[in-house]
Amino acid sequence: HLTAMMDRAFKDEEGPEIFFEAYRNGDESVHALARARRKDVRHFATTLTSLVRAAKPDIILSAALMPEGAYEDIAFSDVHYGQNYQDAAGLYDYALPMAYSQAYEKDGAWVADVARGTMARGMQTIVGVHAYEGGTGVTLQQDIAALENVPVAGVCLFREGAHVMAFQEDGKVELFNPLDDAITRIEAIGGEQSAEIEVSIPHNGEAAVALPFAPQTLRAFAGDKEVCIYLHRRNEA
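Residues numbered from 1 in each chain as written. Predicted model: local features only at pLDDT ≥ 70, side-chain atom pairs only at ≥ 80, totals over all residues. Heavy atoms only, no water.

Engineer: Explain the overall build of the protein chain to me, please; I cannot follow it from the model alone.
Structural biologist: Secondary structure summary: the protein chain contains seven helices and twelve strands in total. Expressed as lengths along the three principal axes of its C-alpha atoms, the size of the protein chain is roughly 65 × 50 × 30 Å. Taking all 237 residues of the protein chain together, the buried fraction comes to 42%. Accessible surface for the protein chain amounts to roughly 13,000 Å². Of this, 50% is attributable to carbon and sulfur atoms. Side chains of the protein chain carry 20 positive and 36 negative charges; the gap between the two charge centres is 7 Å. (Helix = DSSP H or I, 4+ residues; strand = E, 2+ residues; numbered from the N terminus. Buried < 20%, exposed > 50% of the residue type's maximum accessible area, 1.4 Å probe, protein only. Areas by Shrake-Rupley, 256 points an atom, 1.4 Å probe, with all protein chains shown as cover. Lys, Arg positive; Asp, Glu negative; His and termini not counted. Charge placed at Lys NZ, Arg CZ, Asp CG, Glu CD.)

Engineer: In this structure, what is going on with the packing of aromatic side chains? I would like to understand it.
Structural biologist: Centre distance and the angle of the planes are the two values used to describe a pair of aromatic rings. Evaluated as defined, the whole model comprises six aromatic pairs. Taken together, a centroid distance of 4.8 Å and an interplanar angle of 15 degrees make the contact between Tyr100 and Phe158 stacked. In this pair, Tyr100 is assigned in the loop between β2 (94-99) and α6 (108-120) and Phe158 in strand β4 (residues 154-158), connecting sequence segments 58 residues apart. Given the relative accessible area of 32%, Phe158 is considered partly exposed. (Phe/Tyr/Trp six-rings, centres within 6.5 Å; stacked < 30°, edge-to-face > 60°.)

Engineer: Explain helix α3 (residues 28-55) to me, please; I cannot follow it from the model alone.
Structural biologist: The α-helix advances 3.6 residues per turn, and as a result positions three or four apart in sequence lie on the same side. Over its 28 residues, α3 runs 40 Å from end to end, which matches the ideal 40 Å to within 8%, given 1.5 Å per residue. Sitting at the head of α3, Asp27 places a side-chain oxygen 3.0 Å from the backbone nitrogen of Ser29. (Expected span 1.5 Å × (residues − 1). Polar contact = N/O pair within 3.5 Å; in protein donor to acceptor, adjacent residues only side chain to side chain.)

Engineer: Can you walk me through the packing of helix α2 (residues 17-24) against α3 in this structure?
Structural biologist: Relative placement of two packed helices is described by the angle separating their axes and the distance separating the axes. Where α2 contacts α3, the two axes come as close as 8 Å, and the packing angle between them is 100 degrees. Considering the angle they form, α2 stands roughly perpendicular to α3. Judged by residue contacts, Phe19, Ala22 and Tyr23 of α2 engage Val30, His31 and Ala34 from α3. In the contact of α2 with α3, the residues fall into five nonpolar, one polar and no charged. (Axes fitted to C-alpha atoms, helices over the stretch in contact; angles between N-to-C directions. Parallel < 35°, antiparallel > 145°, perpendicular 65-115°, else oblique. Contact = heavy atoms within 4.5 Å. Nonpolar A, V, L, I, M, F, W, Y, C, P; charged D, E, K, R; others polar.)

Engineer: What should I look at first to understand the state of the cysteines in this one?
Structural biologist: Across all of its chains, the model carries zero disulfides by this definition. A disulfide-free cysteine, Cys156 has its sulfur positioned 13 Å from the sulfur of Cys228, the nearest such atom. On the basis of relative accessibility, which here comes to 2%, the residue Cys228 falls in the buried class. (Disulfide = S-S within 2.5 Å.)

Shown next, in the form of structure tokens:
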């Protein structure tokens, strides 16, 4: 049965969706496949977490999880990954759903939905947000803002070294550029105000830039390419 479905998946336009739809319809063969995959993932993770906790009982363990496990429809995550959030809830102290909005062509509302779905499975949740190529200062800020009223334990910027860091305080912003490309321009945005500032910040370079107003958002550019930047306001609680 599964072999025949595999043949169809490669020949038909539906592709792998055949398996996910069969799972939704209660196909026992596909459910057996999903259970086997879940069992393998659970066994592997249980072995690792048990060994670590035996060596260091007070350790805090977290796991980065594919976001589809937080959906109401878990056909994709169960069949494709074997990664079930209810299984994960018994294994880790914190879950980090990888809610990388731009990779999924989603927005902040989706990030918040993933966070709520993770929490609904009984897990302490730190949300992984899109802070690498493909994201911008605007999209990153929107993703984080969408979590403002969602009681998550925190936010994790993925990934380190893939976004410019900006620390705003007392009319200036301190910039650190870990990217390979030099940052040549930043744009400060605050309500109806905006200002473009020419800079030259090489790889691993730092610069302090005076701002004409306190921005709500920053954008950063390496030549014509917009890159991701995270803005932290040091004078805010």
